[in-house]
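Each chain, letter by letter, is given below.
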Amino acid sequence: MPVAKTQLRKVAQRILDALGCPEAELSVSIVGDRAIRVLNREYLGRDKATNVISFAMQEGEFGAINPDVLGDVVISVDTAAREAEEAGQTFLERLYFLLLHGILHITGYDHERSGEAEAARMEAKEREIFSLLVEEGLV
């Protein structure tokens with residue numbers, strides 16, 4: 001499951017371009033299930049591993065300090081690999097989809113707390129941008 005940093009960076013940049021924020025900055029961390037479980041428990045109160053967690057820097061009292069810094073996306077390589085196998089996807093397809101999902105969260109999309117209409121809006125944006133990545137040969 002090698003992850004080429006340069007390809008991950010290209011995919012992240014293309015996602016940011018598609019969202020209209022090409023100059024934005026974000027941090028991407030690839031971790032294992034143990035590390036993401038700790039983050040999930042400490043920050044979200046869920047004591048289990050998950051596939052991706054995002055931390056938006058544009059939210060809260062000081063969110064406007066640096067508008068170019070979007071936040072952090074943390075992806076579990078272990079969960080991504082399991083999900084890819086279960087879905088019949090390649091590992092990289094799943095990894096890049098989770099990257100997209102995480103970036104959408106830190107740019108204001110939500111599927112958990114904002115109701116069905118917002119979840120549908122996020123899913124449509126995921127399909128649109130993921131299709132673009134596939135068309136451009138990035139996935």
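Residues numbered from 1 in each chain as written. Predicted model: local features only at pLDDT ≥ 70, side-chain atom pairs only at ≥ 80, totals over all residues. Heavy atoms only, no water.

Overview of the UniProt feature "binding site: Zn(2+)" (unreviewed entry) in the protein
According to UniProt, the positions carrying the feature "binding site: Zn(2+)" (unreviewed entry) are His101, His105 and His111. Tracing the chain through its elements places His105 in helix α4 (residues 91-106). Once residues lying within four places of it in the same chain are set aside, the contact partners of His105 are Ser54, Asp110, His111 and Met122. The topology assignment puts His111 in the loop between α4 and α5 (115-135). (UniProt positions renumbered as here; feature names shortened; annotations may be inferred. Helix = DSSP H or I, 4+ residues; strand = E, 2+ residues; numbered from the N terminus. Contact = heavy atoms within 4.5 Å.)

Focus on the packing of aromatic side chains
Here the structure, examined in full by the defined rule, presents two aromatic pairs. Seen in terms of ring centroids, Tyr43 and Phe55 are 5.2 Å apart; in terms of plane orientation they differ by 75°. Their pairing is edge-to-face. Placement of Tyr43 in helix α2 (residues 33-44) and of Phe55 in strand β2 (residues 52-56) is noted, with a sequence separation of 12 residues between them. For Tyr43, a relative accessible area of 53% corresponds to the exposed category. Here Phe97 and Phe130 contribute two aromatic rings whose centre-to-centre distance is 5.8 Å and whose plane-to-plane angle is 75°, an arrangement assigned as edge-to-face. Of this pair, Phe97 sits in helix α4 while Phe130 sits in helix α5, placing them 33 residues apart in sequence. (Phe/Tyr/Trp six-rings, centres within 6.5 Å; stacked < 30°, edge-to-face > 60°. Buried < 20%, exposed > 50% of the residue type's maximum accessible area, 1.4 Å probe, protein only.)

Here's the deal with α2
Every α-helix winds through 3.6 residues per turn, so residues three or four apart in the chain are directed the same way. Given a rise of 1.5 Å per residue, 12 residues ought to cover 16 Å, and the 15 Å separating the end C-alpha atoms of α2 matches this to within 8%. Taken together, the buried positions of α2 are Asp33, Ile36 and Asn40. Across the axial projection of α2, the buried residues extend over an arc of 70°, all falling on one side. Along α2, the residues that are exposed and aim more than 90 degrees away from the buried face are Arg34 and Glu42. Contact partners of the buried residues in α2: β1 (25-31), β2, β3 (69-76) and α3 (77-87). Remark: Gly45 follows α2 within two positions and exhibits a positive phi of approximately 70°. (Expected span 1.5 Å × (residues − 1). Arc of directions from axis to C-beta.)

Here's the deal with a negative patch on the surface
A contiguous patch of negative charge, built from Asp17, Glu23, Glu25 and Asp68, is present on the exposed surface. Locating Asp17 in the fold gives a position in helix α1 (residues 5-18). (Patch = residues over 30% accessible without salt bridge, like charges linked within 9 Å, V, L, I, M, F, W, Y side chains within 5 Å. Areas by Shrake-Rupley, 256 points an atom, 1.4 Å probe, with all protein chains shown as cover. Salt bridge = Lys/Arg side-chain N within 4 Å of Asp/Glu carboxyl O. Lys, Arg positive; Asp, Glu negative; His and termini not counted. Charge placed at Lys NZ, Arg CZ, Asp CG, Glu CD.)

With respect to the packing of α1 against α5
For the pair α1 and α5, the least separation of the axes is 10 Å and the interaxial angle reads 130°. Between α1 and α5, the angle is such that the two are oblique. Regarding α1 and α5, the two cross each other, and that crossing is right-handed. Each of Val11, Arg14, Ile15 and Ala18 in α1 lies in contact with α5, whose residues at this interface are Ile129, Leu132 and Leu133. (Axes fitted to C-alpha atoms, helices over the stretch in contact; angles between N-to-C directions. Parallel < 35°, antiparallel > 145°, perpendicular 65-115°, else oblique. Left-handed = near helix turned anticlockwise from the far one by under 90°.)

Some remarks on the nonpolar core
Formed by 29 residues in total, the largest nonpolar core has its most connected members in Val11, Ile15, Val73, Ile75, Leu99, Ile103 and Leu133. Of all the elements in the fold, those that place two or more residues in this core are α1, β3, α3, α4 and α5. Take this core: its biggest share by element is 10 residues, from α4. Excluding residues that lie within four positions of it along the chain, Val73 makes contacts with Leu26, Ser27, Val28, Ser29, Val52, Ile53, Ser54, Leu99, Gly102, Ile103 and Ile106. (Core = buried A, V, L, I, M, F, W, Y, C linked by side-chain atoms within 4.5 Å.)

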